[in-house]
Amino acid sequence: MVIEAFDALPDAVYLFGSDRRLVRANAAAGQLQDLVTGDVCCEMFWHVEGADGCVVDRALQTHEKVEVEILTGPEGSNSISLMVEPLQSEETDGAQGVLVIARDISDLRRAEAEAIAHKSFIASIADRTPDEIYALDAAGQITWMNERAEAYRLLMSSAGRFLDVVSDDSRPLTEEKLRCTLAGDDTDFEVSIIRADDSIRFAEAHTSPLWKDGEIDGVLVFLRDITQRKREHELMAQSDKLRAVGELAAGVAHNLNNPLTVIQGRAQLLLRNATDETTAKSLSIITNAVEDGTKTLRRILEFARRNYASEFAPVELGFLLTSSIDIARPKWQSKSAKGKIEVKVEGTGPVYVMGEQAELREVVLNLIFNAVDAMPEGGIMEIGARTEIESGCFWVADNGCGMPAETASRIFEPFFTTKGKLGSGLGLSASHGIIIRHKGEIVVVSEPGEGTRFEVRLPICDKNDRFVKKDEAQKEELDVVESV
């Protein structure tokens, strides 16, 4: 019965004596190779070329069990597991023989290779998907995430729980959705995520139960970033607002232009007939103020109609800045009761650009007022101009509260403001539009707590045109300053 059982074993079994020669082998062993009783173990298929011995020699020498895996067959396509067990005798110290069991594990290795390939394929899909994928346990701890989620995690606050990276306003909804998912339901909702710099990004979230052994063991969370999409929707909404504001402004400007024309005409008539210097000066201030208001209305109409036909003239940036400082000084002095604002003006010489003086003055005033608002406790404001290779540049800088990168990237958007109800969100947007119409650029550099610096670059004026209408332009500026 023992011999019959030995022959019936599905694995190939070999019995060697202490002389390393084959004593007996079962039928499965005969299928692996042709065998003859008395064959030496080192002549078997497991012998390695160039080796002094084989696995049987090793077992006999060490008196310990040996387990190895070898490749056989054409091009090493078959995997064989060899288990070599020395047969000890109580009557003698040495091994009396060796039992070798050879098991074909080729199917197992092929299945393992397929499983690894399938796992790699699934992992590749998970890592290349545009979504972030998080695996959570029942307590909400993050147990796994794909590569995209890992990349975003560097931008997120360090946390082990998924809820710790969810903003406060989204946390109650997220907790409710996770509870529903642990109960077996898929959910879809929108969530806002906190980054490491405390900025917020928005995402569409989908959750699914994570099953293990027939029970829900956790939650899979899929996040798709929609921050840019929301930004685009906001810009579209702002565009609609601007269109409505433009239509309203066009109507208001048209209606105001008529009485201003009457006022200017009457003032000019009175100015011609003025007999004393005081009256003439007052009437001159009135006509200059009305003319400035008329230009403002014209810009409103041009903005509403989206066209621009103004004729540019040479503008000297140094004079533009100093005159703007004189206009703005009373306003910031009234705002700086808590602290003194020191103004430093820098410049290396005259800098001429092509532009429309009233519009550029509006830009400078907007930048100055923003700098004042950023320094409620006082500080230093630097204003200056310089000549570059193909442009003239002026800047306004402050050492106030500064802005994070996300805020700085949006300050030129219409209706975006950091001043709450005190701001309209149109000053910098309008300034940006003016500079673009002048074929220039306006850039901002800011760090929280380090202050903000705006730089404006405009096409430089041709040397032959620099002094054209210079006297008239500066006279107009001085009249405006005096009237203010």
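The sections below set out a description of the structure shown in this document. (Residues numbered from 1 in each chain as written. Predicted model: local features only at pLDDT ≥ 70, side-chain atom pairs only at ≥ 80, totals over all residues. Heavy atoms only, no water.)

A word on the nonpolar core
Logical step 1: Leu367, Ile368, Met381 and Phe394 are the most contacted members of the largest nonpolar core, which has 37 residues in total.
Logical step 2: Those elements that place two or more of their residues in this core are helix H9 (317–335), helix H10 (357–373), strand E14 (379–387), strand E15 (391–398), helix H12 (427–437) and strand E17 (451–459).
Logical step 3: What Leu367 contacts, discounting residues up to four positions off in sequence, is Phe394, Val396, Leu428, Ile442, Phe454 and Val456.
Logical step 4: Listed in part, the 22 residues of the second largest apolar core include Trp46, Val66, Ile80 and Val98. (Core = buried A, V, L, I, M, F, W, Y, C linked by side-chain atoms within 4.5 Å. Buried < 20%, exposed > 50% of the residue type's maximum accessible area, 1.4 Å probe, protein only. Helix = DSSP H or I, 4+ residues; strand = E, 2+ residues; numbered from the N terminus. Contact = heavy atoms within 4.5 Å.)

Digging into the sheet that holds strand E12 (residues 341–347)
Logical step 1: Strand order across the open sheet formed by five strands is E12-E14-E15-E17-E16, with mixed pairing between neighbours. The two strands at the open ends of the sheet, each matched to only one other strand, are E12 and strand E16 (441–447). Across the sheet, the mean angle from the axis of one strand to that of its neighbour is 10°, orientation sign disregarded.
Logical step 2: Two strands pair when backbone bridges link them, and E15 and E17 are joined in this way by eight bridges, in the antiparallel orientation. Bridge pairing in E17 links Trp395 to Glu455.
Logical step 3: H10 rests against E12, E14, E15, E16 and E17 of the sheet, and its axis sits at about 25° to E15.
Logical step 4: Packed on one face of the sheet, H12 meets E16 and E17 and runs near 25° to E17. (Pairing = 2+ DSSP bridges. Axes fitted to C-alpha atoms, helices over the stretch in contact; angles between N-to-C directions.)

Brief notes about the packing of H10 against H12
Logical step 1: With their axes 9 Å apart at the nearest point, H10 and H12 run at an angle of 145° to one another. When you trace H10 past H12, the crossing you get is left-handed. Together, Glu359, Leu360, Glu362, Val363, Asn366, Leu367 and Asn370 of H10 and Gly427, Leu428, Ala430, Ser431, Ile434, Ile435 and Arg437 of H12 make up the contact between the two elements.
Logical step 2: Of the residues that constitute the contact of H10 with H12, the class distribution is seven nonpolar, four polar and three charged. (Left-handed = near helix turned anticlockwise from the far one by under 90°. Nonpolar A, V, L, I, M, F, W, Y, C, P; charged D, E, K, R; others polar.)

Re the sheet that holds strand E9 (residues 200–212)
Logical step 1: With antiparallel pairing, the five strands of this open sheet are ordered in space as E7-E6-E10-E9-E8. What marks the edges here is a single partner per strand, and that holds for strand E7 (142–145) and strand E8 (187–194). For this sheet, the mean inter-axis angle between neighbouring strands, taken without regard to orientation, is 30°.
Logical step 2: Across three bridges, the pairing between strand E6 (residues 132–137) and E7 is antiparallel. Bridge assignment links Ala135 to a residue of E7, and that residue is Trp144.
Logical step 3: Along the sheet face, helix H6 (residues 171–182) touches E6, E8, E9 and strand E10 (215–225) and points at about 140° away from the line of E8.

Here we look at H6
Logical step 1: Helix length check: H6, at 12 residues, gives a terminal C-alpha distance of 16 Å against a target of 16 Å (1.5 Å per residue), a fit within 8%.
Logical step 2: If you check which residues of H6 are buried, you get Thr174, Leu178 and Thr181. Across the axial projection of H6, the buried residues extend over an arc of 60°, all falling on one side. Turned more than 90 degrees off the buried face of H6, the exposed positions are Pro172 and Arg179.
Logical step 3: Buried positions along H6 lie against E6, E8, E9 and E10. (Expected span 1.5 Å × (residues − 1). Arc of directions from axis to C-beta.)

Focus: helix H4 (residues 106–128)
Turn by turn, an α-helix covers 3.6 residues, leaving residues three or four places apart pointing in a common direction.
Logical step 1: For H4, built from 23 residues, the straight-helix expectation of 33 Å at 1.5 Å per residue is met to within 8% by its first-to-last C-alpha distance of 33 Å.
Logical step 2: Residues Ser106, Ala126 and Asp127 constitute the buried set of H4.

Describing a nonpolar patch on the surface
Logical step 1: A cluster of nonpolar residues, Phe121, Ile122 and Ile125, forms a patch on the protein surface that exposes about 290 Å² of accessible area.
Logical step 2: On the secondary structure map, Ile125 appears in helix H4.
Logical step 3: On the accessibility criterion, Ile125 (44% relative accessible area) is partly exposed. (Patch = residues over 30% accessible without salt bridge, like charges linked within 9 Å, V, L, I, M, F, W, Y side chains within 5 Å. Areas by Shrake-Rupley, 256 points an atom, 1.4 Å probe, with all protein chains shown as cover. Salt bridge = Lys/Arg side-chain N within 4 Å of Asp/Glu carboxyl O.)

Some thoughts on the pattern of salt bridges
Logical step 1: The tally for this structure, following the rule as stated, stands at 21 salt bridges.
Logical step 2: Ionic pairing is found between Arg24 and Asp7, a salt bridge with its closest N-O pair at 3.4 Å. Within this pair, whereas Arg24 is found in strand E2 (residues 22–25), its partner Asp7 is found in helix H1 (residues 2–8), the two being separated by 17 residues in sequence.
Logical step 3: Overall, Asp7 belongs to the partly exposed group, its relative accessible area being 29%.
Logical step 4: A salt bridge links Glu204 to Arg229, with the shortest nitrogen-to-oxygen separation between them at 2.9 Å. In this pair, Glu204 is assigned in strand E9 and Arg229 in helix H7 (residues 227–272), connecting sequence segments 25 residues apart.
Logical step 5: Each of Arg386, Glu388, Glu441, Arg453, Glu455 and Arg457 takes part in a single network of salt bridges with overlapping partners.

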